[in-house]
Amino acid sequence: MAETNKVRLLRGYLYVGEVRALSPEDQVACQEVSMQPFWQEQLLERKIDDKGAFGLQDQFAIINDVHFLACVERQHQEVEVKPLGGVVRLPLHQFFIAYRDASITNHLCKGKLPVISIDGWAPILSAETQAQLGELKVLLAIGSESQIAQLRQQRGLEQDMIRPDLMQIKAKEEMPPPPAPAPAPAPAPSANNFSFQLRIVGAAGLPLNPGKSKKQNKRQGVPKRFPANEAPNTYVSFQAASCNSKTFNSHEGLVYATPIVQQSIEPQWLSKFRVEVSGDYRTNPQKLFILKLWKKGQGKLEPCPLEDAIIGFAALNLNEKQPNGGFPSGWHNIVDFNGRVTGGIEAHVEPIPPTVDAVIENLEKSMELTHLQIGQAIKRKYTELEEISQRLRSRLVDVTGETLKFPEFDVNAALDDWQQEGDDDDLVDDFERALRTPTPPSSPRPSTSKGTSAQSPRNASGQE
């Protein structure tokens, strides 16, 4: 379990409140706070309200790596007060002391509250003279998600905030589990949402389960969650507003996942999904669609992000200004929480093909033939052909013993490989008779739902 003991992903919280001890002239010149945080590229800005408070809040995620430690070691985070020309310097070195050692980090993340750099009134200094102009109330803390939630609850700072997309990148082994949240209702479809077809094909170059450490070699007989030097059992998960697939519980809510492929460093999931996400993915270049690659421990072979370990993640940019119109296709790097590439994943984002009904309706409108009801006739004939296709496929499965596999069933190959046994003239006659038999106008509309064998219409003699 050594690989899951290091807390890599941390949560942070910043709150900038009211000001005090300002002269009347400085109070008038205190209208806005602005800062360039070390954890993101975007500026944080907030204007003062009628009560003399800024109320700036930001909750963020940051990876505990060399870059993070370099940003906080003997460093300060500056907050500018505009147009006053004042500066507030928030100390960060406390975070370096707390999170530079993995054993200390693990111990600290088991507590109720996070590591707090500053919690109180910080002096506002003149950028030119360094003279104190007043004071600003500030809170800055970093810890686990449950610790940040506990801190906000204690301080009464639980109103909703907009969180950056990196907040969605985490795994159970990277931090102590937070309290189980109440299940949230599924979001209703929005006209601004973006729908696409997602194909997750497979991966390559995945690492084997790590070998034993020296300490583990001394402890014989301890059950192994991930057998050393063996190929992992893997699956891929993602979040979406809706999807035509089963959901699984995770620390960040409901997710969708591929089936599990056992013991392979080149797994082939061959999964296809119809996905709906927020329209922000098309317009915000900073918002990425995240695929997470997990490895499953011993036990029930079903995705369980609450218990499984993460290998890494891949980011897909769906922005419409990207090449290919924001439909990325091909191989993508799998990156772990240390920023190392641990393999590649083949995934394709594709536009959803229009339905037959939509194509026929567009044809009618373009040719101005709606009054002739040609579209209804074409749809009826298409339904009859689909019914015949379903019956033929069902017959092929019965005769050849082959099941329909992803991505599609090769009918020609099945017919070529079909070894006829005995006299099958009656079966051929049935096929020809089925093709010649029209659907009676008074008969029920044939069902074309996938996965269900449609019933064949029968004539007066009871034959197909």
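Given the structure is predicted, the values throughout are model-derived calculations rather than measurements.

K.L.:
Outline the environment of Leu44, supporting the account with residue identities and numerical values.
P.N.:
Relative to the helices and strands, Leu44 resides in strand β3 (residues 44–47). In the structure, Leu44 is positioned 12 residues away from Leu56 in sequence and 8.3 Å away in space, judged by C-alpha atoms. Ignoring anything within four residues of it in the chain, the contact list for Leu44 reads Leu14, Val33, Ser34, Met35, Pro37, Trp39, Leu56 and Asp58.

K.L.:
For the sheet that holds strand β8 (residues 132–143), give the residues involved together with the corresponding values.
P.N.:
With antiparallel pairing, the 8 strands of this open sheet are ordered in space as β3-β2-β5-β6-β7-β8-β1-β4. Strand pairing shows two members of the sheet lacking a second neighbour, β3 and β4 (53–63), which therefore form its edges. Averaged over all pairs of adjacent strands, the angle between strand axes in this sheet comes to 20°, irrespective of strand direction. Judged from the 9 bridges that link them, strand β1 (residues 9–20) and β4 form a sheet pairing that is antiparallel. Bridging across to β4, Gly12 finds its partner in Phe60. Strand contacts of helix α5 (residues 145–155): β1, β4, β7 (115–126) and β8, with the helix running at about 140° to β8, the strand carrying the most contacts.

K.L.:
Go over the packing of aromatic side chains, please, and point to the residues and values.
P.N.:
The relative placement of two aromatic rings is captured by the distance of their centres and the angle of their planes. By the definition in use, this model includes 12 aromatic pairs. Ring centres of Phe38 and Trp39 lie 5.1 Å apart, and the angle between their planes is 85°; this geometry places the pair in the edge-to-face category. Assigned by exposure class, Phe38 and Trp39 land together as buried. The interplanar angle of 55° and the centroid separation of 6.5 Å between the aromatic rings of Phe68 and Tyr99 together place this pair among those described as tilted. One end of the pair, Phe68, is in helix α2 (residues 66–72); the other, Tyr99, is in helix α3 (residues 93–99), and 31 residues separate them in sequence. Considered together, Phe68 and Tyr99 belong to a single accessibility category, that of buried residues. One aromatic cluster is present, built from ring pairs that chain together Phe194, Phe196, Phe238, Tyr256, Phe273, Tyr281, Phe289 and Phe327. Directly above the ring of Phe327 sits Arg282, whose terminal nitrogen or CZ lies 4.9 Å from the centroid. Lying over the aromatic face of Tyr281, Lys287 brings its terminal NZ or CZ to 4.9 Å of the ring centre.

K.L.:
Let's hear about the nonpolar core: which residues, and what values?
P.N.:
Core analysis: the biggest nonpolar cluster contains 38 residues, and Leu14, Phe68, Phe95 and Leu136 have the highest contact counts within it. For Leu14, the residues in contact, after removing those within four places along its chain, are Met35, Trp39, Leu44, Leu56, Gln57, Asp58, Leu90, Val138, Leu139 and Leu140. Among the nonpolar cores identified, the runner-up in size contains 28 residues, and Val236, Tyr256, Phe273 and Ala347 belong to it.

K.L.:
How would you explain the pattern of salt bridges if you had to name every residue and give the values?
P.N.:
Counted according to the given criterion, the structure contains 9 salt bridges. Among the salt bridges present, the one from Arg155 reaches Asp119, with a minimum N-O distance of 2.7 Å. On the criterion of sequence distance, the pair formed by Arg155 in helix α5 and Asp119 in strand β7 is long-range, its members being 36 residues apart. Note on Arg155: relative accessible area 36%, which makes it partly exposed.

K.L.:
Which residues make up the environment of Gln31, and what are the values?
P.N.:
Inspection of the secondary structure puts Gln31 in strand β2 (residues 30–35). Along the primary structure Gln31 and Ile48 are separated by 17 residues, whereas in three dimensions their C-alpha atoms are 5.3 Å apart.

K.L.:
Please provide a residue-by-residue account of the pairing of strand β6 (residues 86–91), values included.
P.N.:
For strand β5 (residues 76–83) and β6, the ladder comprises 6 bridges, and the chain directions are antiparallel. In the sheet register, Val81 faces β6, and the bridge partner there is Gly86. In textbook terms, the turn of a hairpin is the stretch between consecutive antiparallel strands, and for β5 and β6 this stretch comprises 2 residues, one of which, Gly85, has a positive phi near 85°. With 2 bridges connecting them, β6 and β7 associate as antiparallel partners. Bridging across to β7, Gly86 finds its partner in Ser126.

K.L.:
Explain unusual backbone geometry to me, and be specific about the residues and the numbers.
P.N.:
Residue Pro83 follows Lys82 across a cis peptide bond; omega there is -10°. Within the secondary structure layout, Pro83 lies in strand β5. Located in the positive-phi region is Arg74, a residue other than glycine, with phi close to 50°. Relative to the helices and strands, Arg74 resides in the loop between α2 and β5. Take Arg74: its relative accessible area is 63%, and that puts it in the exposed class. Of note in this structure, Gln263 is not a glycine but carries a positive phi near 45°. With respect to the helices and strands, the residue Gln263 is situated in the loop between β13 (253–257) and β14 (268–277).

Calculation notes
Residues numbered from 1 in each chain as written. Predicted model: local features only at pLDDT ≥ 70, side-chain atom pairs only at ≥ 80, totals over all residues. Heavy atoms only, no water. Helix = DSSP H or I, 4+ residues; strand = E, 2+ residues; numbered from the N terminus. Contact = heavy atoms within 4.5 Å. Pairing = 2+ DSSP bridges. Axes fitted to C-alpha atoms, helices over the stretch in contact; angles between N-to-C directions. Phe/Tyr/Trp six-rings, centres within 6.5 Å; stacked < 30°, edge-to-face > 60°. Buried < 20%, exposed > 50% of the residue type's maximum accessible area, 1.4 Å probe, protein only. Lys NZ or Arg CZ within 6 Å of the ring centre and 35° of its normal. Core = buried A, V, L, I, M, F, W, Y, C linked by side-chain atoms within 4.5 Å. Salt bridge = Lys/Arg side-chain N within 4 Å of Asp/Glu carboxyl O.

Interpretation in functional terms is not warranted from these geometric data alone.
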